[in-house]
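In case you want the letters, here they are:
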Amino acid sequence: MCGIVGYIGKADATSVLINGLRRLEYRGYDSAGVAIMDDGRIAIAKSPGKVAALNDRARAEWPAERFSRATTGIAHTRWATHGPPTEVNAHPHLDQSGDIALVHNGIIENYRALRSRLEAKGHLFLSETDTEVLAHLIGDCHKGDLFQAICDALHQVEGTFGIAVLSARDPHRIITARRGSPIVIGVGEGETIIASDASAILSHTQRVIYLDDNDIAIVTADSIEIRDLHNVPVTREIAELGLDAEAAEKGGFDHFMLKEIHEQPDCLANAIRGRLDHSLGTSVLAGTGTSPRDLAEISRVVLVGCGTSLHAGLVGEYAFEDLADVHSEVQQAAEFRYRNPILGSRDLVVAISQSGETADTLAAVREANQKGAFVMSLCNVVGSTIARETGRGVYLHAGPEISVASTKAFTCQVAVLLMMALKLGRGRRFSREDGIRFAREIESLPSLVARVVDQSDSIATIAATYQKNEHAFFIGRGPMYPVALEGALKLKEISYLHAEGYHAAELKHGPIALLQPGTPVIALACDIPGKDKTLGNIEECRARGARILGIITEGDHEAAEFMDDFITIPRAHPLIATIPAVVALQLFAYHVARLRGCEIDQPRNLAKSVTVE
Ligand code: M6R
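Figured I'd write up the structure that's included with this text. Counting from 1, residues in each chain are numbered in the order their sequence is written. Local features in this predicted model are restricted to residues whose pLDDT is 70 or higher, and side-chain atom pairs enter the listing and the counts only when it is 80 or higher, whereas totals over whole chains, interfaces and linings include all residues. Only hydrogens and water are removed before side-chain values are computed, so all heavy atoms of the structure are retained for them.

Next up on the list: unusual backbone geometry. Cis geometry marks the peptide bond from His 91 to Pro 92; its omega dihedral reads 0°. In the Ramachandran plot, Asp 39 falls in the positive-phi region, its phi being about 55° despite a non-glycine side chain. Elements are defined by DSSP. Helices are runs of H or I of four residues or more, strands are runs of E of two residues or more, and each kind is numbered from the N terminus. By the secondary structure assignment, Asp 39 is in the loop between β2 (31–38) and β3 (41–48). The cut-offs for exposure are 20% and 50% of the maximum accessible area for each residue type, with area from a 1.4 Å probe on protein chains only; residues under the lower value are buried, those over the upper are exposed, and the others partly exposed. Asp 39 sits in the exposed class, given a relative accessible area of 68%.

Opposite charge on two side chains allows them to pair when their charged atoms are near. When a carboxyl oxygen of Asp or Glu is within 4 Å of a side-chain nitrogen of Lys or Arg, the pair counts as a salt bridge. All told, the structure shown has 39 salt bridges when counted by the stated rule. The partner of Arg 178 in a salt bridge is Asp 213, with the nearest N and O atoms 2.8 Å apart. Taken together, the residues Arg 178 in strand β8 (residues 174–179) and Asp 213 in the loop between β11 (207–210) and β12 (215–219) connect sequence positions 35 residues apart. Through salt bridges that share partners, Asp 527, Lys 531, Asp 556, Glu 558 and Arg 571 make up one connected network.

Time to look at the environment of Pro 517. Looking at the element boundaries, Pro 517 is found in the loop between β23 (498–503) and β24 (520–524). Sequence separation between Pro 517 and Cys 598 is 81 residues, and the spatial gap between their C-alpha atoms is 26 Å. Residue contacts are defined here by distance: any two heavy atoms, one from each residue, within 4.5 Å place the two residues in contact. For Pro 517, the contacting residues outside a window of four places in its chain are Arg 544 and Gly 545.

Right, let's talk about helix α5 (residues 130–141) for a bit. Multiplying one less than the number of residues by 1.5 Å gives the expected span of a helix. Between its terminal C-alpha atoms α5 stretches 17 Å, which fits the 16 Å expected from twelve residues at 1.5 Å a residue. With respect to burial, α5 is a largely interior element, eleven of its twelve residues being buried. Where the residues of α5 are buried, they touch β5 (93–94), β6 (100–105), α4 (111–120), α6 (146–155) and β7 (161–167).

Describing two packed helices takes the angle between their axes plus the distance from one axis to the other. Axis definition: a line fitted to C-alpha atoms, over the contacting stretch in the case of helices. Angles run 0 to 180 degrees between N-to-C directions. At a closest axis distance of 9 Å, the pairing of helix α10 (residues 307–324) and helix α14 (residues 408–426) adopts a crossing angle of 25°. Classed by the angle they form, the pair α10 and α14 counts as roughly parallel. Crossing geometry of α10 relative to α14 is assigned as right-handed. Two secondary-structure elements touch here, α10 through Thr 308, Ser 309, His 311, Ala 312, Gly 313, Val 315, Gly 316, Ala 319, Phe 320, Leu 323 and Ala 324 and α14 through Phe 410, Gln 413, Val 414, Leu 417, Leu 418, Met 420, Ala 421, Leu 422, Leu 424 and Gly 425. Amino acids are sorted into nonpolar (Ala, Val, Leu, Ile, Met, Phe, Trp, Tyr, Cys and Pro), charged (Asp, Glu, Lys and Arg) and polar (every other residue, Gly among them). Grouping the constituent residues of the contact of α10 with α14 by class yields 14 nonpolar, seven polar and no charged. Comment on the angle field: the value is read as roughly parallel under 35 degrees, roughly antiparallel over 145, roughly perpendicular from 65 to 115, and oblique elsewhere. Working rule for handedness: look at the near helix, and if it is turned counterclockwise from the far one by less than a right angle, call the crossing left-handed; if clockwise, right-handed.

On to the site of the ligand, then. When at least one non-hydrogen atom of a residue lies within 4 Å of a molecule or strand, that residue is treated as near it. In the region of the ligand, 14 residues are neighbours, and Ser 309, Ser 353, Ser 355, Thr 358 and Glu 493 sit closest. Taking Lys 490, its side chain carries an N or O atom lying 3.0 Å from an oxygen atom of the ligand. Each accessible area value is a Shrake-Rupley result obtained with a 1.4 Å probe; residue values ignore everything except the protein chains displayed when judging cover. For the ligand, the accessible surface in isolation is 410 Å², of which the surrounding protein chains cover 91%. Mapped by element, the contributors of at least two residues to the shell around the ligand are α10 and α18 (480–495). Per element, the largest residue contribution to the shell around the ligand is three residues, and it comes from α10. Between N or O atoms, a polar contact is any pair within 3.5 Å; within protein, one atom must be a potential hydrogen donor and the other a potential acceptor, and residues adjacent in sequence are included only when both atoms are from side chains.

Strands were regarded as paired on the criterion that DSSP finds at least two bridges between them. Read across the open sheet, the six strands follow the order β5-β6-β7-β8-β12-β13; overall the sheet is antiparallel. Looking at which strands have only one partner, the edges of the open sheet turn out to be β5 and β13 (224–228). Bridge count between β12 and β13: five bridges; the pairing is antiparallel. Along β13, the bridge assignment pairs Val 219 with Ile 224. Sheet contacts for α5: β5, β6 and β7; angle to β6, the most-contacted strand, approximately 140°. Those strands touched by α6 are β6, β7, β8, β12 and β13, and its axis lies near 150° from that of β7.

Take a look at the structure:
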């Protein structure tokens, strides 16, 4: 969603900030702005649309020397919540005096009450945003000490924030704070970079400090002082990002999504490496902090997440029941805290989130902790809020996922869930031999996926047949049912084609009414238990004239007979096969969207990290 960058150092701040914003573009946004400290005054440029438009605007509006001489500034990409994506609603916002500029991620929930109070005192607001209210509130609290003013203002605020503040009255520092929205501070040589996401810091330094909730930091070019909102100093360790700046580049691919699909064999190898014990037929997941006794105590696994991560959880549900004989269920993170989940100390709650910042998943973690469950996370972004709040869990090691459409995170999430289920299973019904066999199957995932990725060109040819349709149905059974849901989500989010995923048996309970001659039905008909029944459901669709694209097992001539088109995946255990199957659907969605001329990496209205409820 929104992105923050702040810079203080010796370099040309405007360029650093705009480049930083470019690194955050993948998060999804609809306007952008920058404020720099120019000759003791704040200069602001803002624009609806892309960062490139902001760059043009700043160059057009500012004299050339202003563009390049500032060494301090803050910048923002906004994903509209309060008011449309216009120039006036874009950040940074100024306080009443015009001396204080603020960028903000999150939502100030009590902004209406604060705004009325400030208006009664004579404040005039230009925008519809909650953020401008906070800028004015800071200005109103300013009695000579910016730090104190920010603390006083933040004490009055309900909601979430990650902020960076620049003041003409205090031009040699930037103040940044967080509650609920991430802030990372890059510790450079004679320069400090503030960002809401480490991607904007990578090209400057690998050394970072993650702020915790209610931390407020005073940042100069060569110092970082962190306190809490009661002005008590706190210590935060410097961490190493361990990320390669190149990992956040397209590397010759047309889109990040295509690059990330192709990276999956390597990502899976990274997610699996060192985590399988082939002699004992189990997995070794160090970060979970569980002893065999802890595992034996678990009576239920509850998986929570949103979107693609929720779908990974649905595959996990099958895996925990099938491999470990443990009751398992998936809950939508957005609903979790509103439905009184019944939880106790023998329930393992696994929060699944690529970004580790999804507001609803974070809230579910807090609810599960409150209720005394055993909580762990499965995140990709190292140091993310969910990873840090759970304190135990497994990182995916998929590398930065830039495309809004999640691909490699999903396959790594499923791979890690399978390893978790294997571990739990070995303490229960799985024999050593069963475990060894399944561990071998997990180990083979990178090569299985490579065989699907290699079919990208032929999948593109198939996609050409389907790109003109406006509706598509995805069907599957057993662990392929969540794959159908994920395939439909991928197609709709990047191609804007209306796509729905259903259990194969569910079509005839209503949705089949929508089938017309030529309507695409994408059927997960791999050679796993239930295939014959799925083939029966395909017959029902064919009888109504649907065009069938099957995902089938290599060499399955019987299944091929039922299809108008098909993509093959290698033969594998049903749970393992979910991963190559979803890769086939990722490629299908990608090529359909490409042929339809869609903006694949940043689809309209979507954000990479959804930090609002
Ligand atoms: O970062 P998370 O995994 O928590 O994100 C959850 C969803 O917002 C995310 O998976 C979303 O559905 C993807 N854009 C789908 O491709």
